[in-house]
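Below, each chain spelled out in residue letters.
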Amino acid sequence: ASLTNQLESIDMELLDEFSTLLHQTDEMTQEISPCEVHERRECNHHQEIGEEIVRRGELGVLTVAGGDGTRLGWSGPKGTYPATPLSGKSLFQLIAEQIVYAQELYGATIPWYIMTSVSNSELTKSFLLDNNCFGLDRTDIFVFKQRQVPTLDENGKLILQSKSSIV
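Figured I'd write up the structure that's included with this text.

Thresholds applied
Residues numbered from 1 in each chain as written. Predicted model: local features only at pLDDT ≥ 70, side-chain atom pairs only at ≥ 80, totals over all residues. Heavy atoms only, no water. Buried < 20%, exposed > 50% of the residue type's maximum accessible area, 1.4 Å probe, protein only. Helix = DSSP H or I, 4+ residues; strand = E, 2+ residues; numbered from the N terminus. Pairing = 2+ DSSP bridges. Right-handed = clockwise from strand over helix to strand, strands pointing away. 1 Å grid on protein atoms, 1.4 Å probe; cavity = no way out; pocket = protein on both sides within 12 Å on 5 of 7 lines; lining within 4 Å. Points joined across faces, edges and corners; volume = space filled by probe spheres on them. Nonpolar A, V, L, I, M, F, W, Y, C, P; charged D, E, K, R; others polar. Core = buried A, V, L, I, M, F, W, Y, C linked by side-chain atoms within 4.5 Å. Contact = heavy atoms within 4.5 Å.

### Let's talk about the pairing of strand E2 (residues 112-116)
Here comes step 1: Where burial is concerned, the two faces of E2 differ: the one with Trp112, Ile114 and Thr116 is buried and the one with Tyr113 and Met115 is not.
Here comes step 2: Pairing of strand E1 (residues 61-65) with E2 involves five bridges; the strand directions are parallel. Across the sheet, the residue bridging to Thr63 is Ile114, located in E2.
Here comes step 3: Chirality of the crossover, the property in question, places the unit of E1, helix H4 (residues 91-106) and E2 among those that are right-handed.
Here comes step 4: After leaving E2, the chain enters helix H5 (residues 121-130) and then returns to the sheet as strand E3 (residues 141-145), a path that is right-handed.

### Details of the layout of surface pockets
Here comes step 1: Considered as a void within the structure, the largest pocket measures approximately 280 Å³ in volume.
Here comes step 2: In this structure, the largest pocket is lined by Gln6, Ser9, Ile10, Asp11, Leu14, Leu15, Arg147, Gln148, Val149, Pro150, Ile166 and Val167.
Here comes step 3: Counted by class, the lining of the largest pocket contains seven nonpolar, three polar and two charged residues.

### A closer look at the nonpolar core
Here comes step 1: Ranked by internal contacts, the top residues of the largest apolar core, which has 16 residues, are Phe92, Trp112, Ile114, Leu128, Leu136 and Ile141.
Here comes step 2: Those elements that place two or more of their residues in this core are H4 and E2.
Here comes step 3: Considering every element that reaches this core, the biggest residue donor is H4, with six residues.
Here comes step 4: If we skip the residues at most four places from it in the chain, Leu128 touches Phe92, Trp112, Ile114, Cys133, Phe134, Ile141 and Val143.

Below you can see the structure in the form of structure tokens.
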């Protein structure tokens, strides 16, 4: 019954699209080559353009935060991990402080989009609220869950985690 429920919940059209994209990506990566590199001192014009984009409110920050910190020895979302050795600031705090600084510097609101996994979305929201969003206006923070697709093998077949569940 558990496996049947899981199978019925899978968007098979999305899964087919995903599988097709994976095969296209393999073909596309064969054509990838390094891009041209510019010295920072050559990029003043680009910096001015970027700063103007921020001032006009056309920049947002996207943080991909779907992972848990288990490989770091941390139980919780990776963004809550105390990453700085002396102050113990979390990854989320470091990002938020950079956004606050840029907002003050450029006089603009910079929305923060945080993509989470299904399993850590609520913990991420709670962490941000418990820490007063690190000085950001909570209406400028958008937490959303990443879509999930089952894991496929190299032939595009579903992989079972157990006899009653799909990876």
